[in-house]
Amino acid sequence: MNAPVFPPLFEGQPAIGQNDPFKQACDAAKQGCNAGLVTYDLGAHQLRAAIVFAPEVALADAMTILPLCGVGFQNALGALAPPEVAVHLGWDGEIWVNGGRCGALQVASSGSDPAAEPNWVAVGLTLQFWPDDPETGHIPDHTALYAEGCADVDAVALLEAWVRHTLVWINRWDDEGASAIHKEWTGIAHGINEDIAIGDKTGTFLGTDEKFGLLLRHDDKTTLIPLTSLLKED
């Protein structure tokens, strides 16, 4: 398998041993690596990868990088998969293919203060190519990419495309602000106007505010859940 090739300013780094690429990216960011580091593990059953960013805005705005990476992934898979394959994004980072959960994005940062500018933000991707266990196919709402007519999608090509499409959206974010990302993401969001559970909260997913905070209605009350609530303890 050839090593992936990334655009200028992005540097690939394979996972070391059995390392989780997301943790490896976070550890490298803590040690002061350059933005644009892409860690990855191209396994037989899964694609795992992560990208380190250095957005020069407050964390509340920098969290836009999570839905941005989701849109980048949706565009990448949409370009490589057959046209009938539908890809949608959950607010909490879940990736849905043809109505089944097929993977997820996660996010970590150097800090958690929404008003402070983080030193780094890392976004991790996990995508299921094949079920780890044949019984996995019996889990409701779960699927694997190659079970959805995408057997010709190459892991290296998909990883390269994710980085390229994510870069396109970073440039649009710089030029246009978050509005274009918001419009694109809303059009492919999973579960809007449906009942969902986020942590210990349940309600109807109404959409998001301008900073991608989730609007959740329960009875007559609408609660705003900020994207920073999704930050992982790396």
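For the structure, see preceding data.
Quantities reported herein were computed from a predicted structural model and do not represent experimental measurements. (Residues numbered from 1 in each chain as written. Predicted model: local features only at pLDDT ≥ 70, side-chain atom pairs only at ≥ 80, totals over all residues. Heavy atoms only, no water.)

### What about the overall build of the protein?
- The helix and strand tally for the protein stands at five helices and eleven strands.
- Scaling as 2.2 N^0.38, a compact globule of 234 residues should have a C-alpha radius of gyration of about 17 Å, and the protein matches this with 17 Å.
- Counting only C-alpha atoms, the protein reaches 55 × 45 × 30 Å along its principal axes.
- Within the protein, buried positions represent 48% of all 234 residues.
- Summarising the internal contacts of the protein: among those between residues at least 6 apart in sequence, 63% fall at separations of at least 24.
- Accessible surface, the protein: about 11,300 Å² in total, of which carbon and sulfur atoms supply 48%.
- Averaged over its 12 positive side-chain charges, the protein has a centre that lies 4 Å from the centre of its 32 negative ones. (Helix = DSSP H or I, 4+ residues; strand = E, 2+ residues; numbered from the N terminus. Rg over C-alpha atoms; globule rule 2.2 N^0.38 Å. Buried < 20%, exposed > 50% of the residue type's maximum accessible area, 1.4 Å probe, protein only. Contact = heavy atoms within 4.5 Å. Areas by Shrake-Rupley, 256 points an atom, 1.4 Å probe, with all protein chains shown as cover. Lys, Arg positive; Asp, Glu negative; His and termini not counted. Charge placed at Lys NZ, Arg CZ, Asp CG, Glu CD.)

### Some details on the side chain of aspartate 209
- Along the polypeptide, aspartate 209 turns up in the loop between β9 (201–208) and β10 (214–218).
- Within polar-contact distance, the side chain of aspartate 209 engages the backbone nitrogen of glycine 213 at 2.6 Å.
- When neighbours within four sequence positions are excluded, aspartate 209 is seen to be in contact with His182, Leu215 and Leu224. (Polar contact = N/O pair within 3.5 Å; in protein donor to acceptor, adjacent residues only side chain to side chain.)

### A few points about the sheet that holds strand β11 (residues 221–225)
- The four strands lie next to each other as β8-β9-β10-β11, forming an open sheet whose pairing is antiparallel. The open sheet is flanked by β8 (195–198) and β11, the only strands paired with a single partner. Neighbour-to-neighbour, the strand axes of this sheet turn through a mean angle of 50 degrees, independent of strand direction. (Pairing = 2+ DSSP bridges. Axes fitted to C-alpha atoms, helices over the stretch in contact; angles between N-to-C directions.)

### Comments concerning the environment of glutamate 117
- Relative to the helices and strands, glutamate 117 is located in the loop between β6 (100–109) and β7 (121–128).
- Between the alpha carbons of glutamate 117 and valine 57 there is a distance of 5.4 Å; along the sequence they are 60 residues apart.

### Some words on the sheet that holds strand β4 (residues 87–89)
- The strand order across the open sheet built from seven strands is β1-β2-β3-β7-β6-β5-β4, with neighbouring strands paired in mixed fashion. Both edges of this open sheet fall to β1 (11–14) and β4, since each of them pairs with a single strand only. Going from strand to strand, the sheet's axes swing by 20 degrees on average, the running direction of each strand aside.
- Strand direction decides the pairing type here: strand β5 (residues 94–97) and β6, joined by four bridges, are antiparallel. Following the sheet pairing, isoleucine 95 is matched in β6 by glycine 103.

### Some points on the nonpolar core
- Membership of the largest hydrophobic core comes to 63 residues, with the highest contact counts inside it found for Leu145, Leu158 and Trp162.
- At ten residues, helix α4 (residues 155–176) tops the list of elements feeding residues into this core.
- The residues touching tryptophan 162, leaving out its near neighbours within four places in the chain, are Ala49, Ile51, Cys69, Gly72, Phe73, Ala76, Leu105, Val123 and Leu125.
- Counting eleven residues, the second-largest nonpolar core is a separate cluster that includes Phe22, Ala28, Trp120 and Ala122. (Core = buried A, V, L, I, M, F, W, Y, C linked by side-chain atoms within 4.5 Å.)

### Let's talk about the packing of helix α3 (residues 65–80) against α4
- Close contact between α3 and α4 brings their axes to 7 Å; oriented N to C, the two are set at 130 degrees. Considered as vectors, α3 and α4 are oriented oblique to each other. Where α3 crosses over α4, the two elements pack in a sense that is right-handed. Where α3 abuts α4, its residues Ile65, Leu68, Cys69, Val71, Gly72, Phe73, Asn75, Ala76, Leu77, Ala79 and Leu80 lie against Ala157, Leu158, Ala161, Trp162, His165, Thr166, Trp169, Ile170 and Trp173.
- Residue composition of the contact of α3 with α4, grouped by class: 16 nonpolar, four polar and no charged. (Parallel < 35°, antiparallel > 145°, perpendicular 65-115°, else oblique. Left-handed = near helix turned anticlockwise from the far one by under 90°. Nonpolar A, V, L, I, M, F, W, Y, C, P; charged D, E, K, R; others polar.)

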